[in-house]
Amino acid sequence: MSEQAARKRVRIRHFAQAKASGEKITALTSYDVQTARIFDEAGIDVLLVGDSAANVVLGLDTTLPITVDEIITLAKAVVRGASRALVVADLPFGSYERGPEQALDTAVRFMKETGVAAVKLEGGERSADVIRRIVDAGIPVMGHIGFTPQAEHGLGGHVIQGKGETGRAQLLRDALAVQEAGAFAVVLEMVPAKIAAEVSAQLEIPTIGIGAGAGCDGQILVWTDALGLGSGRVPSFVRAFADARAVFLDAATAYRDAVKDGTFPAASESFSDPTAD
């Protein structure tokens with residue numbers, strides 16, 4: 001969002017304004033107070049406390065095992081670190097699938113216990129009633145369609161969504177269902193760029209892309225991917241804007257060496273006896 005807007009706290013209304021004016025929306029995941037402070041200072045508009053913490057923080061293979069309590073703990077920390085960005089928390093798998101009332105109960109917990117400004121949940125047409133119930137209670141909702149990680153087993157793995165005329169039509173139905181249910185924005189994940197641009201043009205609410213091309217109204221990345229801290233397989237749609245892994249590794253190695261050779265701590269990093277002559 002604009003430099004002038006960067007001085008103000010991001011609110012839900014700013015998303016519609018950004019869409020109308022063509023300003024791109026920036027988003028990163030965050031799971032702790034330190035990254036929240038840094039990304040907030042950098043002017044990132046949205047900090048998502050994603051269920052991707054299951055992979056990034058807890059080292060799990062999928063997002064499915066992470067719990068409401070675990071995300072709540074992380075969300076509290078991110079809220080403490082953000083003075084401007086809109087903080088959004090993911091509703092994890094199993095916390096809204098039983099229907100609108102379960103979903104509302106979970107969303108209320110997040111709002112009361114963490115201080116986040118909105119929640120995010122996956123699914124298009126299948127989640128419309130859930131989104132509507134939460135929004136009707138006064139809680140902002142960000143949608144998530146295309147590839148939905150919580151449904152990766154049902155989707156057959158990390159498979160691009162929205163391909164072909166059938167996939168395109170379903171993606172548009174999902175996007176319109178999320179919009180009509182009252183979501184203020186929707187994430188499009190792993191969708192062909194041309195299709196994502198078409199969906200973005202037809203929606204009144206902004207789209208936030210991840211692996212969905214430049215035609216979306218904004219972009220989001222998992223922060224460890226964006227800063228080059230990840231290891232192993234990196235999605236083809238990721239750009240590393242730094243090599244934080246190398247920085248961390250060099251620093252840890254230098255610390256180890258300084259301790260081993262006795263150069264840390266130096267005299268200036270040690271306390272003297274104030275009573276000694």
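Residues numbered from 1 in each chain as written. Predicted model: local features only at pLDDT ≥ 70, side-chain atom pairs only at ≥ 80, totals over all residues. Heavy atoms only, no water.

Brief notes about the environment of G138
Summarising the element assignment, G138 is placed in the loop between α7 (128-136) and β5 (141-146). For the pair G138 and A118, spaced 20 residues apart in the sequence, the C-alpha separation amounts to 9.9 Å. (Helix = DSSP H or I, 4+ residues; strand = E, 2+ residues; numbered from the N terminus.)

A word on the UniProt feature "active site" (unreviewed entry) in the protein chain
In the numbering adopted here, UniProt assigns the feature "active site" (unreviewed entry) to E189. With respect to the secondary-structure elements, E189 resides in strand β6 (residues 185-189). Exposure remark for E189: the relative accessible area of 10% places this residue in the buried category. When near neighbours in sequence (up to four residues on either side) are disregarded, E189 contacts H144, I145, G146, F147, P149 and I210. (UniProt positions renumbered as here; feature names shortened; annotations may be inferred. Buried < 20%, exposed > 50% of the residue type's maximum accessible area, 1.4 Å probe, protein only. Contact = heavy atoms within 4.5 Å.)

Here we look at the side chain of D40
Following the sequence through the fold, D40 ends up in helix α3 (residues 33-41). Buried and unpaired, D40 has R84 as its nearest opposite-charge partner, separated by 5.5 Å. Ignoring any residue separated from it by four or fewer positions in sequence, one finds D40 in contact with G81, A82, S83, R84 and A85. (Lys, Arg positive; Asp, Glu negative; His and termini not counted. Salt bridge = Lys/Arg side-chain N within 4 Å of Asp/Glu carboxyl O.)

Some points on the side chain of Q161
Along the chain, Q161 turns up in the loop between α8 (152-155) and α9 (164-181). Among the polar contacts listed, one links the side chain of Q161 to the backbone oxygen of V159, at a separation of 2.9 Å. Those residues within four positions of Q161 in sequence are excluded, and the remaining contacts are G146, F147, L155, M190, V191 and P192. (Polar contact = N/O pair within 3.5 Å; in protein donor to acceptor, adjacent residues only side chain to side chain.)

Focus on the packing of aromatic side chains
For the structure shown, the criterion picks out three aromatic pairs. Ring centres 6.0 Å apart and planes at 65° place the aromatic pair Y255 and F264 in the edge-to-face group. In this structure Y255 comes out as exposed when scored by relative accessible area, which is 51%. (Phe/Tyr/Trp six-rings, centres within 6.5 Å; stacked < 30°, edge-to-face > 60°.)

Some remarks on the pairing of strand β3 (residues 86-90)
Counted residue by residue, β3 has five buried out of five residues, so it is predominantly covered. Here β3 shows a buried face lined by L86, V88 and D90 and a second buried face lined by V87 and A89. Two strands pair when backbone bridges link them, and strand β2 (residues 46-49) and β3 are joined in this way by four bridges, in the parallel orientation. Bridging from a neighbouring strand, L47 pairs with V87 of β3. Sheet analysis places β3 next to strand β4 (residues 118-120), joined by three bridges and oriented parallel. Across the sheet, residue V88 finds its bridge partner in β4, namely A118. (Pairing = 2+ DSSP bridges.)

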